[in-house]
Amino acid sequence: MADLTREVPDRVGKDSLEWACAMNSDMKGSLLFARSLCQIEQLIGRTPAVDYSAQTLAGVTGQRFLVTGAGGSIGSEIVRQLVSLGAGDVYLLDHNEGALHALQLGLHGDGLLQDKTVILADVREKRTLGRIFADVGPTTVFHAAAHKHLPLMERFPSEAVHTNVVGTANVACAAAASGTKRFVNLSTDKAVAPSCILGATKRAAELVAAAAASPSMKVASVRFGNVLGSSGSFLQTVHWQLTNGRAVTVTDRRATRYFMTISEAARLVIEVSAMARNGETYMLDMGEPVAIEQLVHRYAQILGVTATIEYTGLRPGEKLHEDLFDDAENRSSTTHPGIWQTKAVGAPPADLGFTIRGLADAVEAAPHSILQLLWSMMPAGAVREPDVAVT
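Residues numbered from 1 in each chain as written. Predicted model: local features only at pLDDT ≥ 70, side-chain atom pairs only at ≥ 80, totals over all residues. Heavy atoms only, no water.

With respect to the environment of Thr281
Then step 1. The residue Thr281 is located in strand S11 (residues 278-284) in this model.
Then step 2. For Thr281, a relative accessible area of 8% gives the class buried.
Then step 3. Setting aside residues no more than four positions away along its own chain, Thr281 makes contact with Glu206, Ser221, Arg223, Trp340, Gln341 and Thr342. (Helix = DSSP H or I, 4+ residues; strand = E, 2+ residues; numbered from the N terminus. Buried < 20%, exposed > 50% of the residue type's maximum accessible area, 1.4 Å probe, protein only. Contact = heavy atoms within 4.5 Å.)

With respect to the sheet that holds strand S5 (residues 182-186)
Then step 1. If you walk across this open sheet you meet the nine strands as S3-S2-S1-S4-S5-S6-S11-S15-S14, and the pairing is mixed. Of all strands in the sheet, those bounded by a partner on one side alone are strand S3 (118-120) and strand S14 (329-333). Pairwise comparison of adjacent strand axes, ignoring direction, gives a mean angle of 25 degrees for this sheet.
Then step 2. As judged from the four bridges shared by S11 and strand S15 (residues 339-344), these two strands associate in the antiparallel manner. Bridge pairing in S15 links Tyr282 to Gln341.
Then step 3. In the packing of helix H11 (residues 197-211) onto the sheet, the strands contacted are S5, strand S6 (218-223), S11 and S14, and the crossing angle to S6 comes to about 165 degrees. (Pairing = 2+ DSSP bridges. Axes fitted to C-alpha atoms, helices over the stretch in contact; angles between N-to-C directions.)

Things to note about the packing of helix H6 (residues 73-84) against helix H13 (residues 262-275)
Then step 1. Orientation of H6 relative to H13, taken along the N-to-C sense of each, is 65 degrees, at an axis distance of 9 Å. Here H6 and H13 pass one another in a crossing that is right-handed. Only Ile262, Ser263, Ala265, Ala266, Arg267, Val269 and Ile270 of H13 make contact with H6, whose side of the interface consists of Ser73, Ile74, Glu77, Ile78, Gln81 and Leu82.
Then step 2. Residues that form the contact of H6 with H13 fall into these classes: eight nonpolar, three polar and two charged. (Left-handed = near helix turned anticlockwise from the far one by under 90°. Nonpolar A, V, L, I, M, F, W, Y, C, P; charged D, E, K, R; others polar.)

Side note on the packing of aromatic side chains
Then step 1. By the definition in use, this model includes one aromatic pair.
Then step 2. Relative to Phe142, the ring of Phe65 has its centre 6.1 Å away and its plane inclined at 15 degrees; by these criteria the two rings are stacked. Of this pair, Phe65 sits in strand S1 (residues 65-68) while Phe142 sits in strand S4 (residues 140-143), placing them 77 residues apart in sequence. Across the pair, Phe142 and Phe65 agree in class, each one buried.
Then step 3. Over the ring of Tyr311 we find Arg253, and its NZ or CZ is 4.3 Å from the ring centre.
Then step 4. Residue placement shows Arg331 over the ring face of Trp340; its charged tip is 4.5 Å from the ring centre. (Phe/Tyr/Trp six-rings, centres within 6.5 Å; stacked < 30°, edge-to-face > 60°. Lys NZ or Arg CZ within 6 Å of the ring centre and 35° of its normal.)

Some words on the confidence of the model for the protein
Then step 1. In the predicted model, the protein carries a mean pLDDT of 87, and the fraction of residues at 70 or more is 85%.
Then step 2. Within the model, pLDDT remains below 50 along residues 1-28, and this stretch shows 44 contacts once partners closer than five positions in the same chain are excluded. (pLDDT = per-residue confidence, 0-100.)

Remarks on the pattern of salt bridges
Then step 1. Counting across every chain of the model gives 15 salt bridges.
Then step 2. Residues Glu159 and Arg124 are paired through a salt bridge, measuring 2.4 Å at the closest nitrogen-oxygen approach. Here the residue Glu159 occupies a position in helix H10 (residues 157-177), and Arg124 occupies one in the loop between S3 and helix H8 (126-136), the gap between them amounting to 35 residues.
Then step 3. Exposure remark for Arg124: the relative accessible area of 19% places this residue in the buried category.
Then step 4. Among the ionic pairs, Lys319 bridges to Asp323, the shortest N-O distance being 3.0 Å.
Then step 5. Taken together, the shared-partner salt bridges connect Lys190, Arg257, Lys319, Glu322 and Asp323 into one network. (Salt bridge = Lys/Arg side-chain N within 4 Å of Asp/Glu carboxyl O.)

Examining the environment of Glu288
Then step 1. With respect to the element layout, Glu288 can be found in the loop between S11 and strand S12 (290-291).
Then step 2. Overall, Glu288 belongs to the exposed group, its relative accessible area being 63%.

Brief notes about the nonpolar core
Then step 1. Ranked by size, the top nonpolar core spans 41 residues in total, and within it Ile78, Leu82, Phe142, Leu186 and Phe224 carry the most contacts.
Then step 2. Looking at this core, the element that brings in the most residues is H13, giving eight residues.
Then step 3. Ignoring sequence-local partners within four residues, the contact set of Ile78 consists of Val67, Phe142, Leu186, Ala266, Val269 and Ile270.
Then step 4. By size, the runner-up hydrophobic cluster in this structure holds 22 residues, among which are Leu352, Leu359, Leu374 and Met377. (Core = buried A, V, L, I, M, F, W, Y, C linked by side-chain atoms within 4.5 Å.)

Structure representation (structure tokens):
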């Protein structure tokens, strides 16, 4: 692996490349995919943010961190950056043992899985989390564990609610009980004016996180859009289709999305941890939205192939264009040029705890009862009807 990574420019870190290759059984395909990301600025039309603030650096050095979903693309990059910044112990919590193995291999050069910082657990298990957090006592928690694929969440709403909403409540509760000082919940731009179950569960998770804020635990949620190169991402799909001579599937020729790189998103999430206060939600500056069709052709040019596009139509819950803010919140700037703050209009739901308990009880029930409770949590002015594809 060392010989292969020397051929890749520094902008794609060797650790990230090793992780990507380890997670993919097709090593050659992984390496080609990582190389193609070297020209990421050409794809998104801007240069990703690169700097840390002095406040953030001071808040990382020597501190104890726990990252849920640590084996995922964003979670693992947060881990790598924390380690590189001189953090103390960084605990890796995930329910995917293969992902934990790959991450430890990339971090330490072995996959023995005997280190106390490698934790196999599911955020759905409240009692288990309570014991783990009491033992670890993390100073700061980054909650990255989540389901993220929109079509699957539309089909399996109980799974979406159980992990994204109840799981967030479990992690926040365990963090507060263990004396955690800062709790950062990772969200998505689909939580803005949600039109799908995924977006609704992530908006609900923001409310859950905000309710956990207290004088002893500062809390923030942070939203961002599509992450280029992440596991299961659109770009990974496009790479496979282009390099295997298949047509690239795009929902609608008018569709646009906001994009970030993995390292940029992780860096700004760590920045938000220094801003966390009373449960505010922050939105990362992702530049201008990129037309999906245009991104496909740019990427095909980088790979030296010609793209054939097949339009499939918008799937249930999808939008043509993602929103940055909705009518249920106000936005303001922060001290960081790449981060906006949002503040909810009106008071948070008074019966939030009751609703969360109802969701937890309804996980095994019919999806209809779960969806009723989920959508009832959405702030007035937040919900939006899905777009309709033009055929």
